[in-house]
Amino acid sequence: MIAVATPERTCVGCRRRRGQDELVRLVAARGRVVPARPGAPGRSAYLCPEEACLEAAEKKRAFARAFRGPVTLDPAVREVFTQPGDARSSHASPPDGAPATAKVQCSCAALHDDVPAAAVDERR
Ligand SMILES: [Zn+2]
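Before going into details, it helps to say that this report is about the structure given with it. (Residues numbered from 1 in each chain as written. Predicted model: local features only at pLDDT ≥ 70, side-chain atom pairs only at ≥ 80, totals over all residues.)

Describing the overall build of the protein
What counts is decided by this rule: Numbering of helices and strands runs from the N terminus, with a helix taken as a DSSP run of H or I at least four residues long and a strand as a DSSP run of E at least two residues long. Between the buried cut of 20 or more and the exposed cut of 12 or fewer other C-beta atoms within 10 Å of a residue's own C-beta lies the partly exposed class, and all C-beta atoms are placed from the backbone. Residue pairs qualify as contacts under a 7 Å threshold applied to their C-beta atoms, which are placed from the backbone.
When helices and strands are tallied, the protein shows four helices and six strands. N-terminal to C-terminal, the α/β element order of the protein is β-β-β-β-β-α-α-β-α-α. Looking at the protein as a whole, 22% of its 124 residues qualify as buried. Once local pairs closer than 6 in sequence are excluded, the contacts in the protein between residues at least 24 apart make up 58%.

Brief notes about the sheet that holds strand E4 (residues 32–35)
To keep things clear, this is the line we draw: By this definition, two strands are paired if DSSP reports at least two bridges between them.
The strand order across the open sheet built from four strands is E5-E3-E4-E6, with neighbouring strands paired in mixed fashion. Here the strands that pair on one side only, and so sit at the sheet edges, are strand E5 (44–47) and strand E6 (72–73). As paired strands, strand E3 (residues 24–29) and E4 are joined by four bridges and run antiparallel to one another. Counted as the bridge partner of Val27 is Val34 from E4.

Concerning the pairing of E3
Pairing between E3 and E5: four bridges, direction antiparallel. Opposite Arg25, over in E5, you have Tyr46 as the bridge partner. The loop that links E3 with its antiparallel partner E4 comprises two residues; one of these, Arg30, has a positive phi angle of about 50°.

Quick word on helix H1 (residues 51–59)
Our working definition: Summarising the geometry, the arc corresponds to the directions from the helix axis toward the C-beta atoms.
Within the sequence span of H1, burial applies to Glu51, Cys53, Leu54, Ala57 and Glu58. End-on, the buried residues of H1 take up no more than an arc of 160°, which puts them together on one face.

Quick word on unusual backbone geometry
Of note, the phi angle at Arg30 is positive, near 50°, even though the residue is not glycine. Here Arg61, not a glycine, exhibits a phi torsion of approximately 55°, which is positive. When you line up the elements, Arg61 lands in the loop between H1 and helix H2 (62–66). Its 21 C-beta neighbours within 10 Å are what place Arg61 among the buried residues.

Shown next as structure tokens:
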């Protein structure tokens, strides 16, 4: 047996399992998905620190499923993913190669066009 220091979590974007400390934890607060503070309680979703996983999760409505209801992705979440490393710097420099403009979509709006809940049964 290998001793695992941190529990594994599944990225809701790419569905890969990774150590919890490698993933970005998100929680829903009042219908908004926000980055979780360390130790924050409650239901959470995990994503690789990669914008591709964030976009994949949005496309799949993974947040709505993870949080059991329509949620809006807070812009703060996108900042975390588009500014790897020190995301809290005061000036927002454009991430290399990331078309981050005009991509903020309300995932709750996306829920209304089609809800393929039955098609995405992910139980194993
Ligand atoms: Zn991922």
